[in-house]
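Structural overview for review
Listed here are the chains, written in short residue letters.
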Protein chains: 2
Amino acid sequence: MMPDLTWNHYSRSLVRYANLGFSMDAARMGMEPDWMQSMEPANATAMQHIAAIEAGAVVNTDENRQVGHYWLRNPALAPTELIRTAIENDIVKIEEFAAGVEQGVIRPPGQERFTELLLIGIGGSALGPQLIDQALRQDGKGIPLHFLDNTDPGGFDRMLTLLDGRLEGTLVVVVSKSGKTPETANGMLEVQSAFTKRGIDFAKQAVAVTQEGSLLDQTAVREGWLDRFPMYDWVGGRTSVMSAVGLIPAALGGIDIRSLLHGASTMDALTRFSADPMQNAALLLALAWHRAGHGQGDRDMVILPYCDRLSLMSKYLQQLVMESLGKEFDRDGRVGHQGISVYGNKGSTDQHAYVQQLREGPDNYFATFIEVRRTREQQQPSILVDAAGSTSADYLQGFLRGTRQALAEKGHPSITISIPEVNATTVGALIALYERAVSIYASFININAYHQPGVEAGKAAAGGFLAMLSQVRDHLQGHPGEGLTAERLANALGESDIEDVYHALTHLVANRRGFQVIAGGVPSDDVFQFVAA
Amino acid sequence: MMPDLTWNHYSRSLVRYANLGFSMDAARMGMEPDWMQSMEPANATAMQHIAAIEAGAVVNTDENRQVGHYWLRNPALAPTELIRTAIENDIVKIEEFAAGVEQGVIRPPGQERFTELLLIGIGGSALGPQLIDQALRQDGKGIPLHFLDNTDPGGFDRMLTLLDGRLEGTLVVVVSKSGKTPETANGMLEVQSAFTKRGIDFAKQAVAVTQEGSLLDQTAVREGWLDRFPMYDWVGGRTSVMSAVGLIPAALGGIDIRSLLHGASTMDALTRFSADPMQNAALLLALAWHRAGHGQGDRDMVILPYCDRLSLMSKYLQQLVMESLGKEFDRDGRVGHQGISVYGNKGSTDQHAYVQQLREGPDNYFATFIEVRRTREQQQPSILVDAAGSTSADYLQGFLRGTRQALAEKGHPSITISIPEVNATTVGALIALYERAVSIYASFININAYHQPGVEAGKAAAGGFLAMLSQVRDHLQGHPGEGLTAERLANALGESDIEDVYHALTHLVANRRGFQVIAGGVPSDDVFQFVAA
């Protein structure tokens, strides 16, 4: 790739949206005119596909579902009156709930106000809220937000220690679409147990965000939780940040959710109709990904936001892009092993970490610089940090431009996205831009970007391991004092995978009273037993 | 790759270090016996190389420096009495300093105690301390630790708002080897300015960690800072966590630094002599990387610690591995474009993010599972979370095994490293393991892993941009009211890169009073001017 880096080319190819203060520069992605022309039919098809999505087609065919995240910020798009009304009512209800909490109308028993918010969720039910909180939280506004996003007992303990003495004022929001996600269910049970131990009524301080009728929903109804908010089968976890999943914690955090939705719907509108990539940033972005990785993910996507507040953007996009695009089969059942690997943290910090490799190492990535033109909140005078009269902001800009140039000198492609500042509108617009680019790229490579069939295999294998683990546990507890190797126990249980039995045994020794090991020279010599206390 | 997954093979190939409770399983990396045999000469050479490093050879040839991070945890290895004594004295001094702060003997003027610790550093001067704090901090012990690791004015403001009203009790540790790192220098100046504004004497609460005689050291001497601790030219930033860089914040955070050093020196000792990879975990790890990426980084390294406390491990290893191994030239000056891309966050959380792609997507990575056998601090009874009597810990273990199996089913290679718990010893051992694997892999591919020449290009380009930016600023301020396009201004200044001038102008409009733009249809039509207030 020898991109045209002349001023004329840059000036003609920059996509600018004046009403968002947004611009995108893909001139360094080596998308030659011939190649761009060759993609025109694909562009047209992609625009038809995304139009079909927005019109309510069942594009998530494997799961027989519509894909409705674009409706969340423009309910008028929704294919039915029922859906439109549901979206609008949810937003109003969320705002009322947040206002009630802020004013102390909705409050914990015996307390004046909720003072802490604990969100329990994982993946799409946590990453969006985390991004929004990190990016948009203003000091002194809203309730402090904490997260449990794993089934790590050490993580539960650390959080419960942090909140010790404050659980009386803690609002717990449990987020799980199916209500069956074990990490989230476990987190809920651990937190519930901590409440009960302290004599606090969990239900009075708990809110469920889940599909109507789910196991979690049933629990919330049965136990009389403080409130319930819906998730819909037409919104996937990784695109749920503009549903109740993201809006509830945002609203409780004092963040302007209407502006977040407005930013997204504005970007949606700007990228909805034109099949000309010079007018359509989402289309141009998807094309750039395609060019960089030859439509097969041959290059990793490195995300470099030059702004502390956007340091979770790479992790958020990692999920959005990899879970959407990482697919074995295309829509016609052909094996493709598609995907684009995504990583990054923030600039200029990462220049002191892995940019060494980006400049000198393998030609296996393209960079995306996210420029925030002003990060200091007001246009207040900054101190000068050098003799030339530069400010910290000047250095941040200088490092972005310097690194971009250093990579270009070695032929490494890069995209630069610019926003005027980090606020609810621009963050909403950025999220929408990437959601739409994902939809378009998925059309290019003919995959379903809205399911995650590969996650099931790991879950099923985990279920098998857990069942075996409880057999191992029961067997040893049933034969106290009897020493067994992993192999003998596997034979006794009729388990073919001796290694898994060994891991179960090792796990029990580390985690449960009474389980012991007499270590041999190698694992096959280790002898395990249970000794009653 | 069709790895031998029989129990016998697993049992024979597991590397176990009983005194650390450590084990490493590389049986799923497809390292066939023939291939292993073919690497034997390379193994022998690598062991000679690492012995030479530890003996004080000038292996960082480009910078004419020794590489001494292995001495930090075993000063007896140091090649001179001077170095040995310096390391030992530093540790004692750090412990005394931390004890003095804890006891309030060392305290801020007019206050009883330091109550907050603010570390200003970037890259190797921040990531290590961040990892240690995240992994090892115990609630209620030590001083809370905050970080500034960028030159983002928005980030400075957010931190200073957080610390507002607490600066009187804030101890500031400024970490910069050369003392010239602009991000760190800017952070220091911004914080110093905030102290001054509030009438607090910065020098009385500031500590410098830097090379003797550096610009930062001179400043600290001149201004009479509270204390100074040394960095040495034989310790690189990315391996500095066991020097004052990591030990000062750790000790102030109530973390047992002797155990951290002990864990590292124990791993060093266990992996120092044997050229048999079945005895040497660091050697086996480096071999696994080589096999997975064909010695050319063809596969990304995905790091999945199943433990919240280790969630920064992937970011830490990203720097250690990519900055060390990402090199254009080998030691003989041949172009190689070496490197291994590293990413990851934590399990089981990431199963709900990008594991979909790991299972179904491109064959472009290998996974490293880091198992922590017990994450709940004591072996206390956990609540049961399902009808089979499982605990949250059982699920964490189940998900690790399930995901490992799901990836193996699709032929994706993985390594599993196990430690009994997260404590100072095991974290020290993990860091040492990876440092040694990097040294060994660097020997395999014949590169200098201890310099970072590629970082200079970006810095130089940034310097050029900053110089141009101040010319642009001065020119416009010198001609108030005069409207100029980027092209006309570039011509006036004799600047050949019109696009850079345009970015400078756009940056000034966003960040400085008086700079304005009348936007045209495309950037080349934008007209910029300065209007005096």
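See the structure shown above.
Residues numbered from 1 in each chain as written. Chains lettered and ligands numbered in written order. Predicted model: local features only at pLDDT ≥ 70, side-chain atom pairs only at ≥ 80, totals over all residues. Heavy atoms only, no water.

1. Side note on helix H4 (residues 81-103) of chain B
All names here are of chain B. In this model H4 runs 33 Å from its N-terminal to its C-terminal C-alpha over 23 residues, within 8% of the 33 Å that 1.5 Å per residue would give. Taken as a whole, H4 has its buried residues at Ile83, Ile87, Asp90, Ile91, Ile94, Phe97, Ala98, Gly100 and Val101. On its buried face, H4 is in contact with strand S5 (170-175), strand S6 (206-211), strand S7 (227-231), helix H9 (244-252) and helix H10 (257-270). Directly beyond the C-terminal end of H4, a positive phi value near 80 degrees is found at Gly104. (Helix = DSSP H or I, 4+ residues; strand = E, 2+ residues; numbered from the N terminus. Expected span 1.5 Å × (residues − 1). Buried < 20%, exposed > 50% of the residue type's maximum accessible area, 1.4 Å probe, protein only. Contact = heavy atoms within 4.5 Å.)

2. Some points on the interface of chain A and chain B
The interface of chain A with chain B comprises 134 residues on the first partner and 134 residues on the second. Together chain A and chain B conceal approximately 11,900 Å² of surface at their shared face, both sides included; 51% is due to carbon and sulfur atoms. Our count for the chain A to chain B interface comes out at 16 salt bridges. Between Glu190 of chain A and Arg376 of chain B there is a salt bridge whose closest N-O contact spans 2.7 Å. There are 85 residue pairs in polar contact (both at pLDDT 80 or more) connecting chain A and chain B. Among the elements that line the side of chain A that touches chain B, the one with the most residues is helix H14 (residues 392-409) of chain A, at 15 residues. (Buried area = accessible area lost by both parts, 1.4 Å probe. Salt bridge = Lys/Arg side-chain N within 4 Å of Asp/Glu carboxyl O. Polar contact = N/O pair within 3.5 Å; in protein donor to acceptor, adjacent residues only side chain to side chain.)

3. What about the relation of the copies chain A and chain B?
In screw terms, the move from chain A to chain B is a rotation of 180 degrees and a rise of 0.0 Å along the axis, fitting with an RMSD of 0.0 Å. Such a turn and shift between the copies fits a two-fold axis. Relative to the rotation axis, the closest C-alpha in chain A is found at Tyr343 of chain A, a distance of 3.0 Å. A shared interface surface links the copies, since 100% of the contact residues of chain A are contact residues in chain B too. (Least-squares fit on C-alpha atoms with pLDDT ≥ 70 in both.)

4. Notes on the sheet that holds strand S7 (residues 227-231) of chain A
Residues and elements named next belong to chain A. The strand order across the open sheet formed by 5 strands is S4-S3-S5-S6-S7, and the pairing between neighbours is parallel. The open sheet is flanked by strand S4 (145-148) and S7, the only strands paired with a single partner. Direction aside, the axes of adjacent strands within the sheet are offset by 20 degrees on average. The pairing of strand S3 (residues 116-120) with S4 spans 4 bridges and is classified as parallel. Each residue of the ladder has a partner; that of Ile120, found in S4, is Leu148. (Pairing = 2+ DSSP bridges. Axes fitted to C-alpha atoms, helices over the stretch in contact; angles between N-to-C directions.)

5. Thoughts on the pairing of strand S3 (residues 116-120) of chain B
All names here are of chain B. Most of S3 sits inside the fold, with 5 of its 5 residues counted as buried. Because side chains alternate across S3, one face comprises the buried residues Glu116, Leu118 and Ile120, and the other comprises Leu117 and Leu119, equally buried. In this structure, S3 lies alongside S5, joined through 5 bridges in parallel fashion. In the strand pairing of S5, Leu118 is matched with Val172. Between the parallel elements S3 and strand S4 (residues 145-148), the chain passes through helix H5 (residues 127-136) in a crossover that is right-handed. (Right-handed = clockwise from strand over helix to strand, strands pointing away.)

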